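# Observations on the model geometry
Listed here are the chains, written in short residue letters.
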There are 2 protein chains.
Amino acid sequence: MSRLVAIYHVRSDARAIEPRAKAIAVEQSVEMPLTAIEDQEILDQIVGKVEAISDIGNGTFAVRIGLSRATLGHDAGQLINMLFGNTSLQDDVVLRDAEFPDDVIADFGGPHFGIAGLRERAGAGPRALTCSALKPQGLNPARLGDLAARFARGGIDYIKDDHGLADQSYSPFASRCEAVMQALRASGAGARYVPSLSGDLDALRAQIAVAKNAGVDTVMVQPMIMGLSNFAKLVRENQGVAFFAHPTLAGASRISPQLLFGKIFRMLGADALVFPNHGGRFGYTPDTCRDLAHTALVDWQGIRPAVPVPAGGMTIERIGEMLDFYGSEVMLLIGGALLEARERLTEETAAFVAKVKGYRYD
Amino acid sequence: MSRLVAIYHVRSDARAIEPRAKAIAVEQSVEMPLTAIEDQEILDQIVGKVEAISDIGNGTFAVRIGLSRATLGHDAGQLINMLFGNTSLQDDVVLRDAEFPDDVIADFGGPHFGIAGLRERAGAGPRALTCSALKPQGLNPARLGDLAARFARGGIDYIKDDHGLADQSYSPFASRCEAVMQALRASGAGARYVPSLSGDLDALRAQIAVAKNAGVDTVMVQPMIMGLSNFAKLVRENQGVAFFAHPTLAGASRISPQLLFGKIFRMLGADALVFPNHGGRFGYTPDTCRDLAHTALVDWQGIRPAVPVPAGGMTIERIGEMLDFYGSEVMLLIGGALLEARERLTEETAAFVAKVKGYRYD
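Residues numbered from 1 in each chain as written. Chains lettered and ligands numbered in written order. Predicted model: local features only at pLDDT ≥ 70, side-chain atom pairs only at ≥ 80, totals over all residues. Heavy atoms only, no water.

What follows concerns the overall build of chain A. Within chain A, the regular secondary structure consists of 15 helices and twelve strands. In summary, chain A has a C-alpha radius of gyration of 22 Å against a globular reference of 21 Å for 362 residues, a match within 12%. Projected onto its principal axes, the C-alpha coordinates of chain A cover approximately 70 × 40 × 35 Å. Accessible surface for chain A amounts to roughly 12100 Å². Of this, 50% is attributable to carbon and sulfur atoms. (Helix = DSSP H or I, 4+ residues; strand = E, 2+ residues; numbered from the N terminus. Rg over C-alpha atoms; globule rule 2.2 N^0.38 Å. Areas by Shrake-Rupley, 256 points an atom, 1.4 Å probe, with all protein chains shown as cover.)

Written as structure tokens, this is what we have:
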């Protein structure tokens, strides 16, 4: 039976780490005293196994635990439940990484389009993609449509909703989609609108239908709020749609973002991965960002690479440095810093786009 | 416009806390520089407002932030998005508490049954309720049914699935429900089976239909894995069903369990709240547990009290102490420690039940 491997970083002293590792293996599998288990097959196959423990310094140990493939079934929610369900409640453990059996990766299948498909939609060559965000919350659909048109005339590739835009009275989802798509068509520019979906699976389906009807082919979702099972379902049901994944509620300090975004969101079908870039409003380090981007893009069991979208307080001044850091396999997302230009929004957007297009990618 | 109030605990030094608090208020509302907002109404109504900052010692500040009611709409996912979406990615902040506008509480409506209804189903007077768990994973439906019957003959009130039991090949949900309910009927005892639901909203609906069909009237869900919107939807659609909420993936070290379980899960409709008791396998303190239990039970806008279910490595030896601590308004859940009795499972269960029934509740 092939195994799912979870890799935890555990704070412990050297004497205590072996029993602690075994306790995690039990917690994440049968969750009961092994002395109470009568079946040898369950002890052999279902109980989690500590495969390795290594001291990585600073009172932290890397613990590899093998979990039974059979406990997963085919559900993405159960996948995260087995990887970190109860252990997420224990402060001394971080879920650092995971290795998935090939058939699990094939089962979920990864992005429909990935970075290549997103470039093709934008008519872009092998350069970084550009993105901005519609905000603030509270604007009505017409105002959001006007903003979108101004971004579009600046030549931007993708325009996403702020993740706070849901289905509120001041800007209902359907009216917003209509207004933005109409404004984009009128602008004559080729920018793609990426509305943010929210609500239960019924609402998500209704919204994606409305969006497709309005001509949208790319949407944003919030996998940790909608639930991974519903994310996977929506991806499976909408083969023609590209998905941006937003990191909201990901509490990524306890699950490594490289794993959660770079592997799991990608495996479940995210084409683009929004995450907080280092040096912005969030505490991710350059190493975390580099690992995440690498993991999102690396060859992996034939599934498409997802495009990393570093964001969170980015500015035009940082474009050169960000492209030096990420190279061309990236989508740059600048929101608030463009909106600060107010009446000069289109010009500022054009400057953003020109800087990205003019960068020397080697 | 009435406001939702989020209360964060923020690690900061005294000089930095004011701008930090303002930054959180912006992050959790408009998520952009205020200088880029042209509309006075958005600045007045939609932007989060720092209502108070107080130094609570040890380099930590309690920050009250008022968030616009209008940004919530009526979706539970959007509720948690507004409370902690992006801020969950920032290490210096814990979501400690929240105060909800009355109409939000009324909108979700709380538990269908609560502690009184769960007692009534169990035919129990004003005493603590008893519960155990079917495990380990890997047992087939017949074996799980056999276990359930032995718990039932010991006189237990509720028998829940271990939260790792999903819809796996070795114990598909439908066969498990059938087998367990049949075994319980044959036992002649009155115990109630609480199967654990999993998967996307379609799967959850299919499972709840199967369960009802088999005679089940109480189910367990995993709100943080299924997504709060889907939890609220399922509750709304199943008025005759009581819901146990499991804490898996709740990463409760960053969201206070008193808020997440005691308030939010209760408001969305959980009748029973499973959580890790102090002194077991998890790190919750007695104070955390006391606060959580109090919050779950306290009079709150007319919604029913939910029963706290302290669990996670509990034993018969601890019953007296736990009842001293929690009083009668509690459900005690002992799983593995009963299963360790193996062939004496029914007798050990009967000892558990006798101790709970024989306790002097004053």
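What follows deals with helix α8 (residues 201-213) of chain A. All names here are of chain A. Spanning 13 residues, α8 covers 18 Å between terminal C-alpha atoms, matching the ideal 18 Å at 1.5 Å per step. Among the residues of α8, those classed as buried are Leu 201, Leu 204, Gln 207, Ile 208 and Ala 211. Down the axis of α8, the smallest arc covering the buried residues is 125 degrees, so these residues share one side. At the N-terminal end of α8, a side-chain oxygen is found 3.0 Å from the backbone nitrogen of Asp 202, two or three residues along, and the residue is Asp 200. (Expected span 1.5 Å × (residues − 1). Buried < 20%, exposed > 50% of the residue type's maximum accessible area, 1.4 Å probe, protein only. Arc of directions from axis to C-beta. Polar contact = N/O pair within 3.5 Å; in protein donor to acceptor, adjacent residues only side chain to side chain.)

Lys 135 of chain A connects to Pro 136 of chain A through a cis peptide bond whose omega is 0 degrees. Of note, Pro 136 of chain A is situated in the loop between β5 (129-134) and α6 (141-153). Positive phi is not limited to glycine here, since Glu 31 of chain B has a value of about 55 degrees. With respect to the helices and strands, Glu 31 of chain B occurs in the loop between α1 (17-27) and α2 (40-46). Despite not being glycine, Arg 342 of chain B shows a phi value in the positive range, around 50 degrees. Relative to the assigned elements, Arg 342 of chain B resides in the loop between α14 (336-339) and α15 (345-358). Judged by its relative accessible area of 27%, Arg 342 of chain B is partly exposed.

Here the focus is the side chain of Gln 168 of chain B. Relative to the helices and strands, Gln 168 of chain B resides in the loop between β6 (158-161) and α7 (173-187). According to the relative accessible area criterion, Gln 168 of chain B is buried, its value standing at 2%. In terms of polar contacts, Gln 168 of chain B uses its side chain to reach the backbone carbonyl oxygen of Gly 164 of chain B, at 3.0 Å. Not counting chain neighbours up to four residues away, the residues in contact with Gln 168 of chain B comprise Ala 70, Thr 71, Gly 73 and Gln 78 of chain A together with Gln 137 of chain B. (Contact = heavy atoms within 4.5 Å.)

This brings us to the packing of helix α7 (residues 173-187) of chain A against α8 of chain A. Residues and elements named next belong to chain A. Between α7 and α8, whose axes approach to 9 Å, the crossing angle comes to 20 degrees. Judged on the interaxial angle alone, α8 and α7 are roughly parallel. Where α7 crosses over α8, the handedness of that crossing is right-handed. From α7, Phe 173, Ala 174 and Cys 177 reach across to α8, where they touch Gln 207, Val 210 and Ala 211. (Axes fitted to C-alpha atoms, helices over the stretch in contact; angles between N-to-C directions. Parallel < 35°, antiparallel > 145°, perpendicular 65-115°, else oblique. Left-handed = near helix turned anticlockwise from the far one by under 90°.)

Turning our eyes to something else, we now look at the relation of the copies chain B and chain A. Both copies of the chain are related by one operation, a rotation about an axis with a shift along it. Take chain B, turn it by 180 degrees, move it 0.0 Å along the axis, and it overlays chain A with an RMSD of 0.0 Å. The superposition of one copy onto the other is thereby described by a two-fold rotation axis. Among all residues of chain B, the minimum C-alpha distance to the rotation axis is found for Gly 227 of chain B, at 2.2 Å. The overlap is high: 100% of the interface residues of chain B also sit at the interface in chain A, so the same surface is used on both sides. (Least-squares fit on C-alpha atoms with pLDDT ≥ 70 in both.)

Let's shift gears to the sheet that holds strand β8 (residues 218-221) of chain A. Residue and element names in this part refer to chain A. Taken in spatial order, the four strands make up an open sheet running β8-β9-β10-β11, and their pairing is parallel. Bordering the open sheet on either side are β8 and β11 (307-311), each of which pairs with just one other strand. Averaged over all adjacent pairs, the angle separating strand axes in this sheet is 25 degrees, with direction ignored. The pairing of strand β10 (residues 272-276) with β11 spans five bridges and is classified as parallel. Bridging across to β11, Phe 275 finds its partner in Pro 310. Running at roughly 155 degrees to β10, helix α11 (residues 257-268) makes contact with β9 (242-245) and β10 of the sheet. (Pairing = 2+ DSSP bridges.)

Attention now goes to the environment of Ile 105 of chain B. Residues and elements named next belong to chain B. Along the chain, Ile 105 falls in helix α4 (residues 102-108). Residue classification places Ile 105 among the buried residues on the basis of a relative accessible area of 1%. For the pair Ile 105 and Ile 303, spaced 198 residues apart in the sequence, the C-alpha separation amounts to 8.0 Å.

Residues and elements named next belong to chain B. Sheet topology note: the strand β1 (residues 3-11)/strand β3 (residues 60-68) ladder contains nine bridges and is antiparallel. Along β3, the bridge assignment pairs Arg 11 with Thr 60. Relative to strand β4 (residues 93-99), β1 runs antiparallel, the two being bridged by six bridges. If you follow Tyr 8 over to β4, its bridge partner there is Leu 95.

It is worth spelling out the side chain of Lys 263 of chain B at this point. All names here are of chain B. Within the secondary structure, Lys 263 is located in helix α11 (residues 257-268). Of the polar contacts made by the side chain of Lys 263, one reaches the side chain of Asp 97; its length is 2.9 Å. Once residues within four sequence positions are removed from consideration, Lys 263 is found in contact with Asp 97, Ala 98, Phe 100, Gln 258, Thr 295 and Trp 300.

Taken together, the contact pairs 75 residues of chain B with 75 residues of chain A. In total, chain B and chain A occlude about 6000 Å² of area from one another, counting both sides; carbon and sulfur atoms represent 51% of this. Of all residues in chain B, Leu 89, Leu 249 and Arg 342 of chain B give up the largest surface area on contact with chain A, accounting jointly for 11% of the area buried on that side. Remark: the boundary between chain B and chain A carries twelve salt bridges. In this structure, Lys 233 of chain A engages Asp 202 of chain B in a salt bridge whose closest nitrogen and oxygen atoms are separated by 2.6 Å. Counting across the chain B and chain A interface gives 46 residue pairs in polar contact (both at pLDDT 80 or more). Secondary-structure elements contributing two or more residues to the side of chain B that touches chain A are α2, α3 (76-84), α8 (201-213), α9 (223-226), α10 (228-237) and α14 of chain B. Here the element with the most residues in the side of chain B that touches chain A is α3 of chain B; it accounts for six residues. For the side of chain B that touches chain A, the residue count by class is 30 nonpolar, 27 polar and 18 charged. (Buried area = accessible area lost by both parts, 1.4 Å probe. Salt bridge = Lys/Arg side-chain N within 4 Å of Asp/Glu carboxyl O. Nonpolar A, V, L, I, M, F, W, Y, C, P; charged D, E, K, R; others polar.)

Within the largest apolar cluster, 224 residues are counted, with the highest numbers of intra-cluster contacts made by Leu 83 and Phe 100 of chain A together with Leu 83 and Phe 100 of chain B. When sequence neighbours within four positions are dropped, the list of residues in contact with Leu 83 of chain A reads Leu 4, Ala 6, Tyr 8, Gln 28, Leu 95, Ala 98, Phe 100 and Ile 264 of chain A. (Core = buried A, V, L, I, M, F, W, Y, C linked by side-chain atoms within 4.5 Å.)

Residues and elements named next belong to chain A. Tallied over the entire structure, the rule returns 16 aromatic pairs over all chains. Judged by centre distance (6.1 Å) and plane angle (55 degrees), the ring pair of Phe 100 and Trp 300 falls under tilted. Of this pair, Phe 100 sits in the loop between β4 (93-99) and α4 (102-108) while Trp 300 sits in the loop between α12 (286-297) and β11; the two residues are 200 residues apart in sequence, bridging distant segments of the chain. Across this residue pair, the class does not change: Phe 100 and Trp 300 are buried. By way of ring pairs, the aromatic residues Phe 231, Phe 243, Phe 261 and Phe 265 are connected into one cluster. In this arrangement the basic side chain of Arg 121 is found over the ring face of Phe 113, its NZ or CZ atom lying 4.0 Å from the centre. (Phe/Tyr/Trp six-rings, centres within 6.5 Å; stacked < 30°, edge-to-face > 60°. Lys NZ or Arg CZ within 6 Å of the ring centre and 35° of its normal.)

Next up on the list: the environment of Arg 11 of chain A. All names here are of chain A. You can see Arg 11 is positioned in strand β1 (residues 3-11). Taking relative accessible area as the criterion, Arg 11 reaches 52% and is therefore assigned exposed. With near-sequence residues (within four places) excluded, Arg 11 lies in contact with Gly 59, Thr 60, Asp 91 and Asp 92. A polar contact is formed between the side chain of Arg 11 and the backbone oxygen of Asp 91, at a distance of 3.3 Å.

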